[in-house]
Amino acid sequence: MSRPIQIKKHPFQSLLYLEWTLLAITALTAVIPPPLRQFHPKHPPPELSICGVFPDLSVCSILPELSIYSLIIFALMGLILPSSNQLTKVIYTAIEILLILTTGLFGERFARLFPVLYIILVTRSCLIFQLPGRLFITTLSFSLFLVTTQLKYQLFNFQASPQAQERSRFFSFNWSLTFGLSLVFVLLMMNAVLSERHSREKLAIANEKLRQYAMRIENQATLEERNRIAREIHDSLGHSLTALNLQLETALKLWQSNPIRAETFLATAKELGSKALKDVRQSVSTMRSNPLQEQSLEGAIASLSENFHRSNGILPIYQINLEYSLPPEINIAIYRITQESLTNISKYAYATEVKLELTEMRGNLRLIIQDNGRGFDLGQNTTGFGLHSMRDRTLAIGGEFNINSAPGSGCKITVNIPLTRLI
């Protein structure tokens, strides 16, 4: 099945307008009569066209109209360019060459358009073909120019003196050399422009892919965070509210028969309510887009330590040694990792001592969180959401995440983040 023919607008509108401007100026100069020259009465100047040699050709009767129409069609062809089918590109270029020959060969004055038309042909071929096709069209344009130039000067010099013929040959050689260099310059310039345009397009595509990838990462991180919060609410708040409801139901049943025992259940219900409120506040704090809330990282970690002390009766020993401020993404990652670590220690470790160390040394940021709790077996407890969350946050900023633990030996979390690429 053949591919459909596709056409596209001129990719450089300013270049198209420049083509039309050159054609208009050159056509205007072509219709202006040349300056009068003195010729011998017996040797009038020949007509520098095919019709000047073969006046009986039928096409010579419509010479002016044919040249003008060919020039107009050639100019309008720049509005659309074939973009996909190779055969269509070849036919398009062949029609352009035919129009150029028709415009220049059948009239003396319109022959002045030859250089401009061939330059436009090379320019358009750069927009249509790849490098081999561009080189072929450039070579073909120069060859056709040489042939037509030699034909014109042979028509002009067939009755001229040897000295005039020698001067004409010299002028023809210089003019051909200049035109050839002009074609090479146009080819190199168009290749540079197209290469720069292609690089910008690739950069734009890469930026768009990077933006989409960043959005996917952000959406994935948001989804994971929501799942974690949902799990936290289900495991902590849901359990606390269920137990609270049972305590209240039991207290209501015993309120008439055994008020003292009912008060015990009410006291337990109050403790469960306080715990549920704390869980809600913690979940709300986790959901904040900017958990630091204009605080410094040192102040935020100090707040986490105070909250941990109020909840567990243990004041973490922390040491922070930073030479300069860190980027916001690193601050948030360190805060979240610290928050998650202290939450896990509070829930599962049963520790009596917690140490936290954050230092920056030789372009490397290191966070160490260690407790003397009951620990766990790394081979059996590696699927926890908290551990995965801390590891993902570390990897997202190009860091390394390590955890060491064993039953009865506490737990040590180490995060190393290189700062040379981020600061």
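Nothing here was measured: the structure is a model prediction, and the numbers come from that model.

Participant: How should I be thinking about the nonpolar core in this particular structure?
Facilitator: In summary, soluble globular proteins display a tendency toward joint burial of nonpolar side chains. In terms of nonpolar packing, the biggest core is built from 34 residues, with Ile334, Ile345, Leu365, Leu367 and Ile417 touching the most fellow members. For this core, the secondary structure elements donating two or more residues are helix H9 (297-312), helix H10 (328-349), strand E4 (354-361), strand E5 (364-371), helix H11 (385-396), strand E6 (400-405) and strand E7 (411-418). Leu367 has contacts with Ile334, Ile337, Thr338, Leu356, Glu357, Leu358, Ile413, Thr414 and Val415, leaving out every residue within four places of it along the chain. The next biggest cluster of nonpolar side chains, apart from the first, holds 32 residues, and it includes Ala75, Leu81, Ile97 and Leu99.

Participant: I would appreciate a short explanation of the confidence of the model for the chain in the present structure.
Facilitator: Reading fine detail from the predicted coordinates is not recommended where pLDDT is low. Per-residue confidence for the chain averages 78 on the pLDDT scale, and 76% of its residues sit at or above 70. Note that residues 36-50 has pLDDT below 50 and, in this model, 19 contacts with residues that lie over four places away or in other chains.

Participant: Mind showing me how you'd approach the pairing of strand E3 (residues 317-321) here?
Facilitator: Where E3 and E4 come together, five bridges link them in parallel fashion. Bridge pairing links Asn321 to Thr359 in E4. Between the parallel pair E3 and E4, the chain is carried across by H10, and the sense of this crossover is left-handed.

Participant: Got a minute to help me understand the environment of Leu23 in this structure?
Facilitator: Checked against the element boundaries, Leu23 lands in helix H1 (residues 13-31). Distance in space between the C-alpha atoms of Leu23 and Leu71 is 8.4 Å, their sequence separation being 48 residues.

Analysis parameters
- Residues numbered from 1 in each chain as written.
- Predicted model: local features only at pLDDT ≥ 70, side-chain atom pairs only at ≥ 80, totals over all residues.
- Heavy atoms only, no water.
- Core = buried A, V, L, I, M, F, W, Y, C linked by side-chain atoms within 4.5 Å.
- Buried < 20%, exposed > 50% of the residue type's maximum accessible area, 1.4 Å probe, protein only.
- Helix = DSSP H or I, 4+ residues; strand = E, 2+ residues; numbered from the N terminus.
- Contact = heavy atoms within 4.5 Å.
- pLDDT = per-residue confidence, 0-100.
- Pairing = 2+ DSSP bridges.
- Right-handed = clockwise from strand over helix to strand, strands pointing away.

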